[in-house]
Amino acid sequence: MGQFIAEVLGWFADSARWSGPEGILARLFEHLQYSLLSTLVAVLIALPIGLLIGHTGKGAFLAINLSSFGRALPTVGVVILVFLISGLNLWPVYVALVVLAIPVIVTNTYAGMAAVDHDVRDAARGTGLNGWQVLVQIELPLAVPLIMTGVRLAVVQVVATATIAAYISFGGFGRYVFDGFAQNDLPQVFGGALLIAVLAIALDLVLSGLQRVLTPRGSLLRNRRSES
């Protein structure tokens with residue numbers, strides 16, 4: 001075990017490992033590109049759907065079942081299907097990652113909207129706010145914690161799954177995992193997996209900080225009380 005750890009540390013300590021088109025920094029940029037772009041597209045699609053379902057109360061069945069659909073979806077199967085249609089390019093990767101991220105964002109956005117107290121909605125309407133104003137000024141700010149939780153879950157899933165880019169000969173940290181298996185180089189496999197895990201944790205921490213900034217102070221205090 002000690003020898004394996006030494007080999008992994010030696011893999012990271014190799015200065016050539018950090019530079020060039022196949023270096024860790026280049027692979028980091030590729031992995032971030034796949035992950036963040038896919039998550040952004042998923043948010044742009046899923047957030048309005050979740051807000052609409054939560055605001056109107058219609059389509060809750062869709063929101064609830066999307067979560068199960070997302071867990072059951074074979075991501076590699078989606079990659080292969082789109083690959084057969086579009087050919088060798090990054091479209092299969094992006095489509096698969098977007099499809100993976102949408103269900104959890106829709107579900108959490110709906111849950112956040114559904115958790116808003118009906119009395120708060122009624123009071124807002126009683127002050128003369130229309131439906132759009134209630135959504136933007138009342139419901140959305142109060143739903144932010146659960147919405148951001150959905151985005152954080154989606155990011156972690158997407159970062160972990162973006163390794164599939166290497167499955168069809170593209171980059172990212174998955175390159176180290178697939179190449180390591182092909183070369184029977186276990187330190188490289190472990191190094192790639194560790195990089196993926198660290199990136200997922202780092203992005204989750206960044207989004208956690210953003211969540212605190214976006215969450216209304218009253219909601220944040222209530223969350224802390226409930227946690228204690």
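Above: the structure in question.
For every chain, the first residue of the written sequence is number 1, and numbering continues from 1 onward in sequence order. Restriction of local features to residues with pLDDT of at least 70 applies here, the model being predicted, together with a cutoff of 80 or more for giving and counting side-chain atom pairs; totals for whole chains, interfaces and linings are based on all residues. The basis for every side-chain value is the complete set of non-hydrogen atoms in the structure, without hydrogens or water.

Peer 1: Please give an account of helix α5 (residues 91-114) that cites residues and values.
Peer 2: Across its 24 residues, α5 extends 34 Å between first and last C-alpha, which sits within 8% of the 34 Å expected from 1.5 Å per residue. Only protein chains enter the accessibility calculation, which uses a 1.4 Å probe; a residue whose area is less than 20% of its type maximum is buried, one above 50% is exposed, and one in between is partly exposed. Helix numbers and strand numbers start at the N terminus; a helix is a DSSP run of H or I with at least 4 residues, a strand a run of E with at least 2. Buried residues dominate α5, accounting for 19 of its 24 residues. For a helix, the expected span equals 1.5 Å multiplied by the residue count minus one.

Peer 1: How would you explain the pattern of salt bridges if you had to name every residue and give the values?
Peer 2: Salt bridges are defined by distance alone: a side-chain nitrogen of Lys or Arg within 4 Å of a carboxyl oxygen of Asp or Glu. As enumerated under the stated definition, the model contains 3 salt bridges in all. A salt bridge links Arg 152 to Asp 204; its shortest N-O distance comes to 2.9 Å. Separated by 52 residues along the polypeptide, Arg 152 in helix α7 (residues 131-161) and Asp 204 in helix α9 (residues 186-214) bring together distant segments of the chain. Arg 175 serves as the salt-bridge partner of Asp 179, at 3.2 Å between the closest nitrogen and oxygen. Placement of both Asp 179 and Arg 175 in helix α8 (residues 174-182) is noted, with a separation of 4 residues, approximately one turn of the helix.

Peer 1: Lay out the packing of aromatic side chains in plain terms, naming residues and giving numbers.
Peer 2: Pairing of aromatic rings covers Phe, Tyr and the six-membered ring of Trp, with a centre-to-centre limit of 6.5 Å; geometry is then stacked below 30 degrees between planes, edge-to-face above 60, and tilted otherwise. The final tally for this structure, using the stated rule, is 6 aromatic pairs. Each member of the aromatic cluster is reached from another via a ring pair, and the members are Trp 11, Phe 12, Phe 173 and Tyr 176.

Peer 1: I'd love a proper account of the packing of α7 against α9, names of residues and values included.
Peer 2: The interhelical angle for the contact between α7 and α9, taken along N-to-C directions, is 165°, at an axis separation of 9 Å. Looking at the two axes, α7 sits roughly antiparallel to α9. With respect to the hand of their crossing, α7 and α9 are arranged in right-handed fashion. Contacts from Val 144, Pro 145, Met 148, Thr 149, Val 151, Arg 152, Val 155, Val 156, Val 159 and Ala 160 of α7 reach α9 at Ile 196, Leu 199, Ala 200, Leu 203, Asp 204, Leu 207, Ser 208, Leu 210, Gln 211 and Leu 214. Side-chain classes are defined by residue name, with Ala, Val, Leu, Ile, Met, Phe, Trp, Tyr, Cys and Pro counting as nonpolar, Asp, Glu, Lys and Arg as charged, and the others, Gly among them, as polar. In terms of residue class, the contact of α7 with α9 is made up of 15 nonpolar, 3 polar and 2 charged. Fitted lines through C-alpha atoms give the axes, limited to the stretch in contact for helices. The angle between two N-to-C directions lies from 0 to 180 degrees. For classification purposes, angles smaller than 35 degrees are called roughly parallel, those larger than 145 roughly antiparallel, those between 65 and 115 roughly perpendicular, and all remaining angles oblique. What makes a crossing left-handed is the near helix being turned counterclockwise from the far one by less than a right angle; a clockwise turn instead makes it right-handed. Any two residues having at least one pair of non-hydrogen atoms within 4.5 Å are treated as being in contact.

Peer 1: I'd love a proper account of the environment of Tyr 167, names of residues and values included.
Peer 2: Topologically, Tyr 167 is positioned in the loop between α7 and α8. Residues Tyr 167 and Asp 179, spaced 12 residues apart in sequence, show a C-alpha to C-alpha distance of 9.9 Å.

Peer 1: Describe the nonpolar core, naming the residues involved and giving the relevant values.
Peer 2: Of all hydrophobic cores here, the largest spans 42 residues; its most connected members are Ile 24, Tyr 34, Leu 97, Ile 105, Val 159, Phe 173 and Leu 195. Looking at this core, the elements with two or more residues in it are α1 (2-13), α2 (24-56), α4 (75-86), α5, α7, α8 and α9. The element that contributes the greatest number of residues to this core is α5, accounting for 10 residues. Remark: nonpolar core denotes a set of buried residues (Ala, Val, Leu, Ile, Met, Phe, Trp, Tyr, Cys) joined through side-chain atoms within 4.5 Å. Formed by 5 residues, the second largest nonpolar core is a distinct cluster that contains Leu 51, Leu 135, Ala 143 and Ile 147.

Peer 1: Please set out the packing of α2 against α9 residue by residue, giving values where relevant.
Peer 2: When two helices pack together, their arrangement is given by the angle between the helix axes and the distance between those axes. Running from N to C, α2 and α9 cross one another at 55°; their axes reach a closest spacing of 12 Å. Between α2 and α9, the crossing angle belongs to the class labelled oblique. Both α2 and α9 take part in a crossing whose hand is right-handed. Of the residues in α9, those in contact with Ile 24, Leu 28, His 31, Leu 32 and Leu 36 of α2 are Leu 195, Ile 196, Leu 199 and Leu 203. Broken down by class, the residue content of the contact of α2 with α9 amounts to 8 nonpolar, 1 polar and no charged.

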